[in-house]
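Structural overview for review
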Amino acid sequence: MEAEELRQGVCHTKKADYLITTFPQDEFQQVWLDSAAMYGGKYLVGTRWVVSAQPKMLERFRPRLGGTIRQLGVAGPTPQPGSS
């Protein structure tokens, strides 16, 4: 999916499927995170990008990609302890 606000790509592997979303500006990422908070879940969040996958896969991606694993929920995005 491509739009002015974001680009998304789905990756399929034998271990898991995951979605990568990139943003041209920080404010577009924040709007996306605020919207995703309605659904909850964990996401790997970096500078103008987000990876959506099963939580165990996010832990595997973080050393290579960087970013912070965030639990999103009704209260909004918050970093998890020890994931900075």
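Our subject is the structure listed above.
Now for a description of the structure that goes with this document. These figures come from a predicted structure and were not determined experimentally. (Residues numbered from 1 in each chain as written. Predicted model: local features only at pLDDT ≥ 70, side-chain atom pairs only at ≥ 80, totals over all residues. Heavy atoms only, no water.)

1. Concerning helix α1 (residues 26–36)
Listed as buried for α1 are Q29, W32, L33 and A36. The buried residues of α1 occupy one face: seen down the axis, they fall within an arc of 100°. Where α1 is buried, its residues touch β1 (7–12), β2 (17–22), β3 (41–46), β4 (49–52) and β5 (68–72). (Buried < 20%, exposed > 50% of the residue type's maximum accessible area, 1.4 Å probe, protein only. Helix = DSSP H or I, 4+ residues; strand = E, 2+ residues; numbered from the N terminus. Arc of directions from axis to C-beta. Contact = heavy atoms within 4.5 Å.)

2. Regarding the layout of surface pockets
As a volume, the largest pocket reaches approximately 160 Å³. Of all the secondary structure elements, the ones that give two or more residues to the lining of the largest pocket are β2, β4 and α2 (55–65). Looking at the lining of the largest pocket element by element, the count peaks at 4 residues for α2. (1 Å grid on protein atoms, 1.4 Å probe; cavity = no way out; pocket = protein on both sides within 12 Å on 5 of 7 lines; lining within 4 Å. Points joined across faces, edges and corners; volume = space filled by probe spheres on them.)

3. As for α2
For α2, the set of buried residues is M57, L58 and F61. Considered in projection along α2, the buried side chains sweep an arc of 100° and stay on one side of the axis. Facing away from the buried side of α2 by over 90 degrees, the exposed positions are K56 and P63. Where α2 is buried, its residues touch β2, β3, β4 and β5. Phi for G66, located one or two positions after α2, is positive at around 85°.

4. Points about the packing of aromatic side chains
For any pair of aromatic rings, the description rests on two quantities: the centre-to-centre distance and the angle between the ring planes. Scanning all chains against the criterion turns up 3 aromatic pairs. Both rings, one in W32 and one in Y43, keep their centres 5.6 Å apart while their planes meet at 90°; by these two values the pair is edge-to-face. Taken together, the positions of W32 in helix α1 and Y43 in strand β3 put the pair 11 residues apart, joining distant regions of the chain. Linked through ring pairs, F23, W32 and Y43 together constitute an aromatic cluster. (Phe/Tyr/Trp six-rings, centres within 6.5 Å; stacked < 30°, edge-to-face > 60°.)

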